[in-house]
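# Coordinate analysis (summary)
Listed below are the residues making up each chain.
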Amino acid sequence: MWLFALFVAVPIIEIALFIQVGGLIGLWPTLLIVVVTAILGTQLVRQQGALALSQLRQSFAELNDPSEPLAHGALILLSGALLLTPGFFTDTVGFLLLIPAFRSFAFRELRKRIKVQGFVMGQHTMPPRQDGFRDQPGDPTTIDGEWQEIDQEDDSASNDPQAPSGWTRH
């Protein structure tokens, strides 16, 4: 229900602000402000987004909890959507979300309401190989397969060079 109220309230607030600001400064300055805030907001979103992406990469590299950099990225994305939406109220909220301190505050408030069960880095752990390297999924030097042990029926046949290799059963 609160989402419905938001979708109804925001356009009403925007229309009221357009009427008030347009009445004070005129139509063309009002439209110019809307266009300039969209352009300025796009540049700021690009800068903040690059910073958030580098923080996310750093948290992955250090195997830290990535939830805060992910939340900052999501809030920056929301900020970009709000700044591209014409209006003074949405621009104000969008610019607020571009301030790192405000995003940190919003993250702390959201974290109080959301319970994280846990997170896992990667799909599974793999034991190290003998040569010190790790097999990577899709590594062309790794051959996956199934095997089963075949009992030798006659040990004397294994010394015969003409005997089957033992890799196949005839």
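See the structure shown above.
The structure contained in this document is the topic of the report that follows. (Residues numbered from 1 in each chain as written. Predicted model: local features only at pLDDT ≥ 70, side-chain atom pairs only at ≥ 80, totals over all residues. Heavy atoms only, no water.)

### Considerations on the nonpolar core
- Of all hydrophobic cores here, the largest spans 5 residues; its members are V45, A52, I76, L83 and L98.
- Among the secondary structure elements, those contributing two or more residues to this core are α2 (27-61) and α3 (67-84).
- Residues contacting V45, with those up to four places away along its chain left out, are I76, S79, G80, L83 and L98. (Core = buried A, V, L, I, M, F, W, Y, C linked by side-chain atoms within 4.5 Å. Buried < 20%, exposed > 50% of the residue type's maximum accessible area, 1.4 Å probe, protein only. Helix = DSSP H or I, 4+ residues; strand = E, 2+ residues; numbered from the N terminus. Contact = heavy atoms within 4.5 Å.)

### A look at helix α1 (residues 2-25)
- An ideal rise of 1.5 Å per residue puts 34 Å on 24 residues; α1 measures up with 34 Å between its terminal C-alpha atoms.
- Positive backbone phi, at 100°, marks G26, one or two positions downstream of α1. (Expected span 1.5 Å × (residues − 1).)

### Describing the pattern of salt bridges
- If you walk through the whole model with that rule in mind, you get 3 salt bridges.
- Where R111 meets D65, a salt bridge forms, and the shortest distance between an N and an O atom there is 3.5 Å. With a gap of 46 residues between them, R111 in helix α5 (residues 100-113) and D65 in the loop between α2 and α3 connect regions that are remote in the sequence.
- On the accessibility criterion, D65 (36% relative accessible area) is partly exposed. (Salt bridge = Lys/Arg side-chain N within 4 Å of Asp/Glu carboxyl O.)

### Remarks on the side chain of T90
- Topologically, T90 is positioned in helix α4 (residues 88-97).
- Given a relative accessible area of 5%, T90 falls into the buried group.
- Reaching out from T90, the side chain makes a polar contact with the backbone oxygen of T85 at a distance of 3.2 Å.
- When near neighbours in sequence (up to four residues on either side) are disregarded, T90 contacts V10, E14, L82 and T85. (Polar contact = N/O pair within 3.5 Å; in protein donor to acceptor, adjacent residues only side chain to side chain.)

### Regarding a nonpolar patch on the surface
- Residues M1, F4, V8 and I12 make up a contiguous nonpolar surface patch of roughly 480 Å² in combined accessible area.
- Here F4 shows up in helix α1. (Patch = residues over 30% accessible without salt bridge, like charges linked within 9 Å, V, L, I, M, F, W, Y side chains within 5 Å. Areas by Shrake-Rupley, 256 points an atom, 1.4 Å probe, with all protein chains shown as cover.)

### Some words on the environment of L78
- Mapped onto the secondary structure, L78 falls in helix α3.
- Along the chain, L78 and L98 lie 20 residues apart, while their C-alpha atoms are 9.7 Å from each other.

### Some thoughts on the packing of aromatic side chains
- Summed over the entire model, instances satisfying the criterion amount to 2 aromatic pairs.
- Taken together, a centroid distance of 6.4 Å and an interplanar angle of 45° make the contact between F102 and F105 tilted. Within this pair, F102 and its partner F105 are both found in helix α5, separated by 3 residues, close to a single helical turn.
- Given a relative accessible area of 40%, F105 falls into the partly exposed group. (Phe/Tyr/Trp six-rings, centres within 6.5 Å; stacked < 30°, edge-to-face > 60°.)

### Some details on unusual backbone geometry
- In this structure, L63 is a non-glycine residue whose phi angle is positive, near 55°.
- With respect to the helices and strands, L63 occurs in the loop between α2 and α3.
- Taking relative accessible area as the criterion, L63 reaches 60% and is therefore assigned exposed.

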